[in-house]
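Structure at a glance
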Amino acid sequence: MSALLTLCVVLLPLVTPGRGARRWEPCTDLRPLDVLAEAVPPDGSAVGVRVMQVQGARGLQLSAAAPHALSFPASRIFFRCDLFPEEFSIVVTLKVPSLPPKKNEYLLAVVAEERDSLLLGLRYSPTQLHFLFLSEDGAGAWQTRVSFRSPALVDGQWHVLVLAVSEGSFSLTTDCGPAVDIMADMPFPATLSVRGARFFIGSRRRTKGRFTGLVRQLVLLPGSDATPRLCPCVNPELAVLSIPAILRGLTGKPEDNEVLKYPYETDMKVTLGPRPPCTKAEDAQFWFDASRKGLYLCVGSEWVSVLAAKERLDYVEEHQSLFTNSETLGIEVFVIPETGLFVATANRKTTSAIYKWTDGKFASYQDIPTHQAQSWRHFTIGKKVFLAVANFEPNEKGQEFSVIYKWSQRRLRFTPYQRVPTHSARDWEAFEVAGEHFLAVANHREGDNHNIDSVIYKWNPGTRLFEANQTIATSGAYDWEFFTVGPYAFLAVANAFNGTSTRLQSNLYVRLGGTFQLFQSFLCALGFPLTVPDVWRRRLGGFPHWGEGLPRRGEQSPLRRGDAHAERLLRHQLGHIRAERHRADVRPLPGDPHLQCSGLGVLLGGRRLFPGGCKLLRWKYLLGKQYYLQVAGV
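Below or above, wherever it landed, is the structure these notes cover. (Residues numbered from 1 in each chain as written. Predicted model: local features only at pLDDT ≥ 70, side-chain atom pairs only at ≥ 80, totals over all residues. Heavy atoms only, no water.)

It is worth spelling out the nonpolar core at this point. Among the nonpolar cores identified, the biggest contains 55 residues, and Leu60, Phe84, Ile90, Phe131, Phe188 and Phe199 are the most heavily contacted of them. Once you skip the residues sitting within four places of it in the chain, Phe199 turns out to touch Val35, Leu70, Ser71, Phe72, Ala74, Ile77, Phe78, Phe84, Leu108, Ala109 and Val110. (Core = buried A, V, L, I, M, F, W, Y, C linked by side-chain atoms within 4.5 Å. Buried < 20%, exposed > 50% of the residue type's maximum accessible area, 1.4 Å probe, protein only. Contact = heavy atoms within 4.5 Å.)

A few words now on the state of the cysteines. In the structure shown here, the tally under the stated rule is two disulfides. Paired by a disulfide, Cys176 and Cys231 hold their sulfur atoms 1.9 Å apart. Residues Cys176 and Cys231 are joined through a disulfide that is left-handed, its torsion about the S-S bond being -80°. Note that Cys176 is positioned in the loop between β11 (169-174) and β12 (180-183) and Cys231 in the loop between α3 (227-230) and β15 (265-266), a separation of 55 residues in sequence. When its relative accessible area of 27% is taken as the criterion, Cys176 is described as partly exposed. Between the sulfur of Cys278 and that of Cys298 lies a disulfide, 2.0 Å long from S to S. Measuring handedness by torsion sign, the sulfur bridge of Cys278 and Cys298 sits at about 95° and is right-handed. Here the residue Cys278 occupies a position in the loop between β16 (270-272) and β17 (286-289), and Cys298 occupies one in strand β18 (residues 294-299), the gap between them amounting to 20 residues. In this structure, Cys278 and Cys298 share a single accessibility class: buried. (Disulfide = S-S within 2.5 Å. Helix = DSSP H or I, 4+ residues; strand = E, 2+ residues; numbered from the N terminus.)

Okay, the pairing of strand β24 (residues 373-381) next. Among the nine residues that make up β24, eight are buried, leaving the element largely enclosed by the rest of the structure. As defined by bridge partners, β24 adjoins strand β25 (residues 384-391) across eight bridges and the pair is classed as antiparallel. Residue pairing across strands places Thr380 opposite Val385, the latter belonging to β25. (Pairing = 2+ DSSP bridges.)

Before going further, it helps to examine the pattern of salt bridges. Where charged atoms from two side chains of opposite charge approach closely, those side chains can pair. Evaluation of the coordinates by the stated rule reveals 10 salt bridges. One salt bridge in this structure joins Asp116 and Arg205, with 3.7 Å as the shortest N-O distance. You can see Asp116 sitting in the loop between β6 (105-112) and β7 (117-124) and its partner Arg205 sitting in the loop between β13 (197-201) and β14 (214-222), a full 89 residues away along the chain. The class for Asp116 is partly exposed, based on a relative accessible area of 31%. Taking the shortest distance from any N to any O, the salt bridge between Arg348 and Glu327 comes out at 2.8 Å. Of the two residues, Arg348 sits in the loop between β21 (340-347) and β22 (351-358) while Glu327 sits in the loop between β19 (302-308) and β20 (328-336), which places them 21 residues apart along the sequence. Residue classification places Arg348 among the partly exposed residues on the basis of a relative accessible area of 35%. Through salt bridges with shared partners, one network takes in Glu332, Arg377, Asp427 and Glu429. (Salt bridge = Lys/Arg side-chain N within 4 Å of Asp/Glu carboxyl O.)

Have a look at this one:
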């Protein structure tokens, strides 16, 4: 009897609370344990882990080079004892890519590091979700697997999974839908020790089976089912129990010059076009304002500027290089109706080329024999399409002539139409006066004599040929330019050299009585391609009403932009005389929208197509078959 009393006295403190015994406590807190936040540093700078934003939500992606980058010791959350809870829930938010039929990837693994054995794991395949745990008894230890069929994860969308475990009952809820329950023969162990174990997120401590999708939430809730805490939910695919700070959405408007606290990547689409609405549906979406060249982020109900382009002048980017067989001395851009856009290059050697706009670039179309070609001129008479070349040198037989080619609708090629005797021709000018068609050639020299006649040819509808109509004395002529003011037609010639000096008169002619008569002369040094603004900026006397219709220097031209005469105005800066030998050619550019600007475009010798009508441009020829653009001002 005394022995029995002694035993009771010894055991009494162990069963009586508050009298020398420790109160029972669980191995961990019963609050939600954010497993993902335990593995990710507060600043989000884990090696081998990237933050990405997809479909308006952020997630973590593991690198193949660091499969165990997201891991931590189990003792960090099981700090009171070493036993895993007998009843618990695991909440996972993930986005899974499509997988091969037999591939499995791990979402979570608890591994005993010394013996490298899996204590608990959660993995998925294209058709199943598997929950694995280690079971033990006196006979040994083995791995038990509970599988849920067809959870529909591999569709590229975000999903929230809740796995609830209570002894032998296992329940899976997907996106707050109906739960799938399984009663297993082998219950979850009540004494699963995690001493010396480590949590691995997205892997099983090795590259094989590494998670290749995005994980946004991974929470362990000891002691209860987490489903009532999440569901019902307005957005069940992104229901949140607890997520790391780096994956939370932006709150409030960022201050000026604020740097994002957590850098992340995104494969979301950017909205283009006019300003879209900024509502909850567009939250964290981007909008690019092409007109202002700014990038904006929808925060709450306001578009916040995150990137604004600095104001700068218009510029030119290289679009295409055309490599020719020799130096290119001039170009002509033109359109043949129902056929396409063409470029003719005047090459120094014996062959010049025509290119056609095809699939967003110019492609070689036709080669034409020439003799140190200086320029091309495209023009039409009715439905006939012509192309005239100015040859500077004689042919192999010593014959000196330039050639007019006609477009063959049957052969879809330019064919020789008429030979015209010329002398070191520099330029052709095609124009129409009162329904009659003319061609003026700038003859530069005959042998060593620069003081020769240039010729104006007139189209004869009867013979269907160009015939000499008028000769005009010139001195080293470089260029003709035709324009009209009111009812009057003018023709200006640029003289360059008279045999002894480059300081000489260039002349302006007006058509009166069926011929061009001298109207005004300009004293200039060096030959230059004369332009209409050069003439306009001088007071034109003799006709009283001209003072009203002509602009002074710096004023806008009265001609409509896109008009045939306005195209010539764009060749040079208003109010300046250009001494360059070669000229930019201005023509409408159909087709590609980025080659458009107010209906005009500039092509410079096989280089970049520049939107004309925005800047007045000039260009220079440099050595090596290349042409470059220089802004002359507005």
